[in-house]
Amino acid sequence: MLRLDSNLFKSVVYHIKAFFQRQQWKETVIFLFFLLLSVGFWYLQSLQEEMEREISLPVKYKNVPSRITLTDDNPQAIVFRVKDKGLIMLSYVWLYKFAPLEINLKSLQEGTKGEIIVPRKTIESCISKQLTSSTTLLGFEPQTIELRYAELGSKELPVIADLSVLPEPGFQQAGDITVAPDKVLVYANTAVLDTLHVLRTVPAELKNVNRTQELTLRLQSIAGVQMDEREVKVKVPVEEFTEKRLMIPVTCEGLPEDYTLHVFPSEIEVICRVPVSHFAKLTEGDFEIRIPFQEFEASRTAGQLAIRLSKQPPRMIPPTLYPETVEFIMEQHTKP
């Protein structure tokens, strides 16, 4: 079986060789070679001649004013016709990648109400920037663009920094996080504006912070809403903290003249966590423990009362009081 297949293969090879050795086939191969050579020369010659071609490019509108929104019926493409040598035209088709035509609306003038005019000169300049110096721009459509838009309602919203701050051990946030600008003007239709109350930044996190931080955060995008600002500056005051202990007397507010009050202990230790820069500024005068007489009167039988601060610096970490309760004796004098 193997011998039979070998003989068959040799027979096929023999007939193929015989076919290609015929004079008629040799002449056909020579003819085809010169035909292809002629076509090649003709094609190269045609590439040296001038040709025309239409090219379509998408249009991208940038710097659209925040107070308007473009309608959907505006032109999305420009079709232009160019002329140049065939080799250049071929490169436009196979090699060169045209960028979208960017039309900057910031520098354009408004026409009638609800319309912005993109003049012929602006469109021509955008196209010509992408063509080689030898290419001739024959024309383009549309030659001018009348951009239609709708006016949006506006509303000023406060900005909240969505920021998590994790200081290093021994350091703490030393004040409120500030945002600049703290309010931003937004534009949208009335139905959307009615649902908006604040703007938030993109969530961020600061870890192992040991000094004041200043950073730029982007505002969260909202569908159908345009904003005057896309970013805000955020400042996070962070300082090293230390402990300060102060002795504050317990006083009774509105004590009648015929009463004597004895409080044990008469002073409460206030333990504060304060920034190092504020340590010397913090004094006993910044705190008060003033308890109305009525509260003492109501707890007279128990002879014990919980203590609280009636005055302390604003935006301060709640201090610790020691002790948290006091005992007291209240005496009423008999009038003579």
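Rules and cut-offs
Within every chain, residues take consecutive numbers counted from 1 along the sequence as written. Given that the model is predicted, a residue must reach a pLDDT of at least 70 before its local features are reported, and side-chain atom pairs must reach 80 or more before they are shown or counted; all residues, however, enter totals for whole chains, interfaces and linings. By convention in this description, side-chain values take in all heavy atoms of the structure and omit both hydrogens and water. Comment: elements are numbered from the N terminus, with helices defined as DSSP H or I runs of at least four residues and strands as E runs of at least two. The criterion used for residue contact is that any of the two residues' heavy atoms lie within 4.5 Å. Two N or O atoms count as a polar contact when they lie within 3.5 Å, although within protein this holds only if one can serve as hydrogen donor and the other as acceptor, and sequence-adjacent residues are included solely when both atoms are side-chain atoms. Strands were regarded as paired on the criterion that DSSP finds at least two bridges between them. Lines are fitted to the C-alpha atoms to define the axes, a helix being fitted only along its stretch in contact, and any angle between axes, read from their N-to-C directions, falls within 0 to 180 degrees. The rule is simple: take the accessible area with a 1.4 Å probe, protein chains only, and divide by the maximum for that residue type; under 20% is buried, over 50% is exposed, in between is partly exposed. For this document, the term salt bridge refers to a Lys or Arg side-chain nitrogen within 4 Å of an Asp or Glu carboxyl oxygen.

*Asks:* Requested: an account of the environment of Arg245, with residues and values cited.
*Replies:* Within the element layout of this structure, Arg245 appears in strand E18 (residues 238-253). It is 9.6 Å that separates the C-alpha atoms of Arg245 and Thr283, two residues lying 38 residues apart in sequence. Non-local contacts of Arg245, meaning those with residues more than four positions away in its chain, are made with Glu269, Val270 and Ile271. Reaching out from Arg245, the side chain makes a polar contact with the side chain of Glu243 at a distance of 3.1 Å. Separated by 3.2 Å, the side chains of Arg245 and Glu269 make a polar contact.

*Asks:* Describe the pairing of strand E7 (residues 145-151), naming the residues involved and giving the relevant values.
*Replies:* As defined by bridge partners, strand E2 (residues 68-70) adjoins E7 across 3 bridges and the pair is classed as antiparallel. Within E7, the position partnered with Ile68 by the bridge is Glu151. As judged from the 4 bridges shared by strand E5 (residues 115-118) and E7, these two strands associate in the antiparallel manner. Within the sheet, the bridge partner assigned to Glu115 lies in E7 and is Arg148.

*Asks:* Just give me the short version of the sheet that holds E7, but keep the residues and values in it.
*Replies:* Pairing between the strands of a sheet is mediated by backbone hydrogen bonds and can be parallel or antiparallel. If you trace the 3 strands from one edge of the open sheet to the other, you get E2-E7-E5, paired in antiparallel fashion. Each end of this open sheet is capped by a strand with a single partner; those strands are E2 and E5. Going across the sheet, the axis of each strand differs from the next one's by a mean of 35°, ignoring polarity.

*Asks:* Let's hear about unusual backbone geometry: which residues, and what values?
*Replies:* With an omega of -5°, the peptide bond between Ala180 and Pro181 qualifies as cis. When you line up the elements, Pro181 lands in the loop between strand E11 (178-180) and strand E12 (183-188). Here Phe264 and Pro265 are connected by a cis peptide whose omega angle stands at -10°. Here Pro265 is to be found in the loop between strand E19 (259-264) and strand E20 (267-275). In this model, Asn63 sits at a positive phi of 55°, which is unusual for a non-glycine residue. Within the secondary structure layout, Asn63 lies in the loop between strand E1 (50-62) and E2. At Asn208, a position not held by glycine, the phi torsion is positive, near 55°.

*Asks:* Please provide a residue-by-residue account of the sheet that holds strand E17 (residues 231-236), values included.
*Replies:* Strands sit in the order E11-E17-E15 across an open sheet of 3 strands; the sheet is antiparallel. Pairing within the sheet leaves two strands with one partner each, and these edge strands are E11 and strand E15 (213-218). For this sheet, the mean inter-axis angle between neighbouring strands, taken without regard to orientation, is 25°.

*Asks:* Before we move on, could you go through the side chain of Gln213 and cite the residues and values that matter?
*Replies:* Turning to its location among the elements, Gln213 is positioned in strand E15. Note on Gln213: relative accessible area 18%, which makes it buried. Apart from residues no more than four positions distant in its own chain, Gln213 is found in contact with Leu206, Val234, Lys235 and Val236.

*Asks:* Would you mind going over the pairing of E19 in detail, with residue names and values included?
*Replies:* Judged by which residues are buried, E19 turns out to be one-sided: Tyr259, Leu261 and Val263 face inward and are buried, whereas Thr260, His262 and Phe264, on the alternate face, are not. When E19 meets strand E24 (residues 325-332), the two strands line up antiparallel, connected through 6 bridges. Residue pairing across strands places Phe264 opposite Glu327, the latter belonging to E24.

*Asks:* I'd like a description of the pattern of salt bridges, backed by residues and values.
*Replies:* A full pass over the atoms with the stated rule returns 11 salt bridges. One salt bridge connects Glu102 with Lys60, and the closest N-O pair in it is separated by 3.9 Å. In this pair, Glu102 is assigned in strand E4 (residues 101-104) and Lys60 in strand E1, connecting sequence segments 42 residues apart. Residue Glu102 is classed as partly exposed on the basis of its relative accessible area, which comes to 37%. Each of Glu52, Glu54 and Arg81 takes part in one network of salt bridges that share partners.

*Asks:* A description of the side chain of Thr201 should follow, citing residues and the corresponding values.
*Replies:* Here Thr201 is to be found in the loop between strand E13 (199-200) and strand E14 (204-209). On the basis of relative accessibility, which here comes to 0%, the residue Thr201 falls in the buried class. Of the polar contacts made by the side chain of Thr201, one reaches the backbone nitrogen of Asp162; its length is 2.9 Å.

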